[in-house]
Amino acid sequence: MKDIFLLSKLFIKKRLNLLTKEDKMILSSLQEEYGFYKNLKTQTLLKRTHHYSLIDSNAAWRKISKKIDQKSKRVAVFPRKNWIGYAAASIAILCIASFLVFQNVDFGQAPAVSVSQPVIPKGSSKAVLILNNGEKIYLNPESGYTSSNSSSNGKDLVYTESSDTDSVEFNTLAVPRGGQFHIKLSDGSEVWLNSDSKIKYPVQFSKNKPREVKLIYGEAYLAVTSSAENNGNGFQVKTGQQTVKVLGTEFNIKAYPEEPVITTTLVEGKVRLNLQEDTFLLAPSEQLSFNKSTKETQINKVHVYDAISWKKGVFSFKGADLKHIMTVISRWYDVHVIFENRALETIRFTGAFSKEQNLEQLLKTIKETNFINAYEIKERQIIVK
Amino acid sequence: MIELKNKDELDVVFHAYYKALVNYASNFSINLDEREDIVQDIFVYLWKQQLEFPNEAALKAYLYTTVRNRCLNVIKHNKVKSDFQISQNIDPVEDSLFQKQVLEEEITRQLYKIINTLKGRKREIILLSLKGMKGPEIATKLKIEAQTVRAIRTQAYKIIKEKINALGYFLNFVLTYR
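Bear in mind the structure is a predicted one, so any value in this text is a computation, not a measurement.

Draft legend 1. View of the overall build of chain A. Broken down by element type, chain A carries 7 helices and 25 strands. Counting all 385 residues of chain A, 54% fall into the buried class. Expressed as a percentage of contacts within chain A between residues at least 6 apart in sequence, the contacts between residues at least 24 apart total 60%. For chain A, the accessible surface area stands at approximately 17800 Å², while carbon and sulfur atoms represent 51% of it.

Draft legend 2. Quick look at the overall build of chain B. A count of helices and strands for chain B gives 8 helices and 2 strands. Within chain B, the fraction of its 178 residues that count as buried is 52%. Considering only intrachain contacts with a sequence separation of at least 6, the fraction spanning at least 24 residues in chain B is 70%.

Draft legend 3. Geometry of the interface of chain A and chain B. Each partner contributes to the interface: chain A provides 62 residues, whereas chain B provides 72 residues. Carbon and sulfur atoms supply 68% of the area that chain A and chain B bury against each other, a total of about 6400 Å² over both sides. On the chain A side of the interface with chain B, the three residues burying the most area are Tyr-52, Ile-55 and Trp-61 of chain A, jointly 12% of the side's total. Taken together, the connections running from chain A to chain B amount to 3 salt bridges. Listed by contribution, the elements that provide at least two residues to the side of chain A that touches chain B are α1 (2–15), α3 (42–52), α4 (57–73) and β22 (336–339) of chain A. Looking at the side of chain A that touches chain B residue by residue, the classes come out as 28 nonpolar, 15 polar and 19 charged.

Draft legend 4. Region of the structure containing the nonpolar core. Core analysis: the largest hydrophobic core is formed by 73 residues, its most contacted members being Phe-43, Leu-46 and Leu-63 of chain B. The element best represented in this core is helix α3 (residues 56–81) of chain B, accounting for 11 residues. In this structure Leu-46 of chain B touches Leu-4, Leu-10, Leu-51, Phe-53, Leu-59, Tyr-62 and Leu-63 of chain B, once residues within four positions along its chain are discounted. In this structure, Leu-139, Tyr-145, Leu-157 and Leu-185 of chain A belong to the second largest nonpolar core, which totals 40 residues.

Draft legend 5. Region of the structure containing the side chain of Gln-357 of chain A. Residue and element names in this part refer to chain A. The topology assignment puts Gln-357 in the loop between β23 (348–354) and α7 (359–367). According to the relative accessible area criterion, Gln-357 is buried, its value standing at 9%. At 3.4 Å, the side chain of Gln-357 forms a polar contact with the backbone oxygen of Ser-354.

Draft legend 6. Representation of helix α1 (residues 7–24) of chain B in the model. Residues and elements named next belong to chain B. The end-to-end C-alpha distance of α1 is 24 Å, a good match for the 26 Å that 18 residues give at a rise of 1.5 Å each. Along its length, α1 reaches its greatest deviation from straightness, about 45 degrees, at Tyr-17. By the criterion of burial, α1 is predominantly enclosed, with 13 of the 18 residues buried.

Draft legend 7. How the structure looks around unusual backbone geometry. Despite not being glycine, Asn-231 of chain A shows a phi value in the positive range, around 55 degrees. With respect to the element layout, Asn-231 of chain A can be found in the loop between β12 (211–223) and β13 (235–239). Among the residues examined, Asn-231 of chain A registers a relative accessible area of 56% and is labelled exposed. Backbone geometry places Lys-143 of chain B, a non-glycine residue, at a positive phi of 55 degrees. Structurally, the position occupied by Lys-143 of chain B is in the loop between α6 (135–142) and α7 (146–168).

Draft legend 8. How the structure looks around the packing of α1 of chain B against helix α2 (residues 32–49) of chain B. All names here are of chain B. Where α1 meets α2, the axes come as close as 10 Å, and the angle between the chain directions of the two elements is 150 degrees. As far as their axial angle goes, α2 and α1 are roughly antiparallel. Seen along the crossing, α1 lies across α2 with a hand that is right-handed. Where α1 approaches α2, its residues Lys-7, Leu-10, Val-13, Phe-14, Tyr-18, Leu-21, Val-22 and Asn-23 are matched on the opposing element by Leu-32, Arg-35, Glu-36, Val-39, Gln-40, Phe-43, Leu-46 and Trp-47. Residue classes in the contact of α1 with α2 are distributed as 11 nonpolar, 2 polar and 3 charged.

Draft legend 9. Summary view of the pattern of salt bridges. Applying the stated criterion across every chain yields a total of 17 salt bridges over all chains. Asp-334 of chain A is paired through a salt bridge with Arg-177 of chain A; the nearest N and O atoms lie 3.2 Å apart. Of the two residues, Asp-334 of chain A is situated in the loop between α6 (322–333) and β22 and Arg-177 of chain A in the loop between β8 (170–175) and β9 (179–184); the sequence distance between them amounts to 157 residues. A salt bridge links Glu-106 of chain B to Arg-109 of chain B; the nearest nitrogen and oxygen atoms lie 3.0 Å apart. Of this pair, Glu-106 of chain B and Arg-109 of chain B both sit in helix α4 (residues 95–117), 3 residues apart, roughly one helical turn. On the basis of relative accessibility, which here comes to 0%, the residue Glu-106 of chain B falls in the buried class. Residue Arg-109 of chain B is classed as buried on the basis of its relative accessible area, which comes to 3%. Among the ionic contacts, a cluster of salt bridges with common partners joins Lys-254, Glu-258, Glu-259 and Arg-331 of chain A.

Draft legend 10. Looking closely at the confidence of the model for chain A. All names here are of chain A. Chain-level pLDDT for chain A is 80 on average; 86% of the residues reach the 70-or-more range. Model confidence for chain A, summarised as mean pLDDT per element, is weakest for strand β1 (residues 113–115) at 39 and strongest for strand β11 (residues 197–202) at 94. Below pLDDT 50 for its whole length, residues 73–117 participates in 97 contacts with residues either more than four positions away or in separate chains.

Draft legend 11. Expanded view of the pairing of strand β18 (residues 278–282) of chain A. Residues and elements named next belong to chain A. Of the pairings in the sheet, the one linking strand β17 (residues 271–275) to β18 comprises 5 bridges and is antiparallel in character. Along β18, the bridge assignment pairs Leu-275 with Asp-278. In this structure, the hairpin formed by β17 and β18 is closed by a connection of 2 residues, where Gln-276 is found at a positive phi of approximately 50 degrees.

Draft legend 12. Quick peek at the packing of α3 of chain A against α4 of chain B. α4 of chain B packs onto α3 of chain A with a crossing angle of 75 degrees between their chain directions and a minimal axis gap of 9 Å. As summarised for this structure, α3 of chain A and α4 of chain B are arranged roughly perpendicular, according to the angle between their axes. Judged by residue contacts, Leu-45, Leu-46, Arg-48, Thr-49 and Tyr-52 of chain A of α3 of chain A engage Glu-104, Glu-105, Ile-107, Thr-108, Arg-109, Leu-111, Tyr-112 and Ile-115 of chain B from α4 of chain B. Looking at the contact of α3 of chain A with α4 of chain B residue by residue, the classes come out as 7 nonpolar, 2 polar and 4 charged.

Draft legend 13. Highlighting empty space enclosed by the protein. A complete count under the given rule lists 2 cavities of 30 Å³ or more for this structure. Space inside the largest cavity adds up to approximately 50 Å³. Taken together, Pro-121, Lys-122, Gly-123, Lys-126, Gly-178, Trp-332, Tyr-333, Asp-334 and Arg-380 of chain A together with Tyr-45 and Gln-49 of chain B make up the full set of residues lining the largest cavity. For the lining of the largest cavity, the class distribution of residues is 4 nonpolar, 3 polar and 4 charged.

Definitions and limits used
- Residues numbered from 1 in each chain as written.
- Chains lettered and ligands numbered in written order.
- Predicted model: local features only at pLDDT ≥ 70, side-chain atom pairs only at ≥ 80, totals over all residues.
- Heavy atoms only, no water.
- Helix = DSSP H or I, 4+ residues; strand = E, 2+ residues; numbered from the N terminus.
- Buried < 20%, exposed > 50% of the residue type's maximum accessible area, 1.4 Å probe, protein only.
- Contact = heavy atoms within 4.5 Å.
- Areas by Shrake-Rupley, 256 points an atom, 1.4 Å probe, with all protein chains shown as cover.
- Buried area = accessible area lost by both parts, 1.4 Å probe.
- Salt bridge = Lys/Arg side-chain N within 4 Å of Asp/Glu carboxyl O.
- Nonpolar A, V, L, I, M, F, W, Y, C, P; charged D, E, K, R; others polar.
- Core = buried A, V, L, I, M, F, W, Y, C linked by side-chain atoms within 4.5 Å.
- Polar contact = N/O pair within 3.5 Å; in protein donor to acceptor, adjacent residues only side chain to side chain.
- Expected span 1.5 Å × (residues − 1).
- Bend = angle between axes of the 7 residues up to and from the residue.
- Axes fitted to C-alpha atoms, helices over the stretch in contact; angles between N-to-C directions.
- Parallel < 35°, antiparallel > 145°, perpendicular 65-115°, else oblique.
- Left-handed = near helix turned anticlockwise from the far one by under 90°.
- pLDDT = per-residue confidence, 0-100.
- Pairing = 2+ DSSP bridges.
- 1 Å grid on protein atoms, 1.4 Å probe; cavity = no way out; pocket = protein on both sides within 12 Å on 5 of 7 lines; lining within 4 Å.
- Points joined across faces, edges and corners; volume = space filled by probe spheres on them.

Given below as structure tokens:
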């Protein structure tokens, strides 16, 4: 990337006949490396500058400035409840029981680990709360938030039940990549949201209708209060074409747009799942997978822990391929993963690692298995070699 | 080491890159409002996270990469909304495309800065020479002496030279005044 910045400067110097001898040498070698340089047209680039006039950076700065000032005023006033703390102690052990023996790896090659700053921090509690009127509130441990019916310490968001049940206000909580969040809804049901997830729910549930929330995308673990405590009202979660109806139970739904399958895993109790025209009943430890493109459904017995460990501060995998593992990692550390050798995507691993460790430690653990030769961290990209 | 710990420093970085980043995002066919939101969010995030960068290039690379990633996310989600090719993964690799687009944007950014530091005749003459016109041609076009063109251009070059150095490493300013 440094080359690109240098090239841009040399381009301008060249147009103005300001190149020094040294510049010329650098330019000719860079030109060779970056073939697209010679296709650049000054005329076109000059035209592009016109677009800049349409962008009002002063107005934008005022907006940002306001947001920043607001943030520093808000102080968290709630007791710390660290729900990822449970498993913080569990240290990464990526024990290998490789199910696939991978042939093409050259074990003789010296492992190269190259790292360039900045250090990528682990994920943390953060989310954007979008109010009924569209106002966005940024939540993180440095900035709490309080309204008439909810409050947040920047890690949890808790709604209180109010007598005003006629209101049909909705809030939406979006957790970015590298984030996680916990919500307690007005009926006492709890929702844990994984990175890159978004959920919409009413601020108050109606007294005489089934309670309903919508997982717009991402992964959520729900612990739902029983219908007996809620005027007999059941609870349902909509996710795309799927509706999960429950009477009081704990379960996990994973529905990332970039993954081909939606999975619903029941931990406790009983759920009924409506999908297209079909209805499925799930028993504890059963997982329903729905393939979005083939529309196939499948119910499997699974180790519940693997499906819900993320909520306990651990990522746990059983025979998962490296591509999937890296996808999960990329969400928590907000990075992009590139496989230089695509064959590596299919190696399978079993093991667990703590979400509390930093990215480098984790990659080292994977590298030490010798199934990958090296990795490189470049800005926010990880290249697996 | 660049640390964006006080607002003035963020201000400098913001004004240096905001327009370029918003314009760069247009490569992803996202509308202007949304692009501005994306870039503004990134600056708020940058502030909140108090990230540190070893040098200006690292900061710049971070900004472009983050804009790209967020745009890809937006496209992904819009796609889902329209229920189109849900399982299709957007390939984040396309490295050389990314580099090419960043190069175009960086050049545009610097051209814009240069053009806007110059005024009147200096600006006219530099614009024409950037377009590839030679001194005499410019003189004919602007109906002035070729000698005058040369003189004005020399002055303009002097300003630009200073500007280019400042542009490439404008953050030197941030670093030295601390």
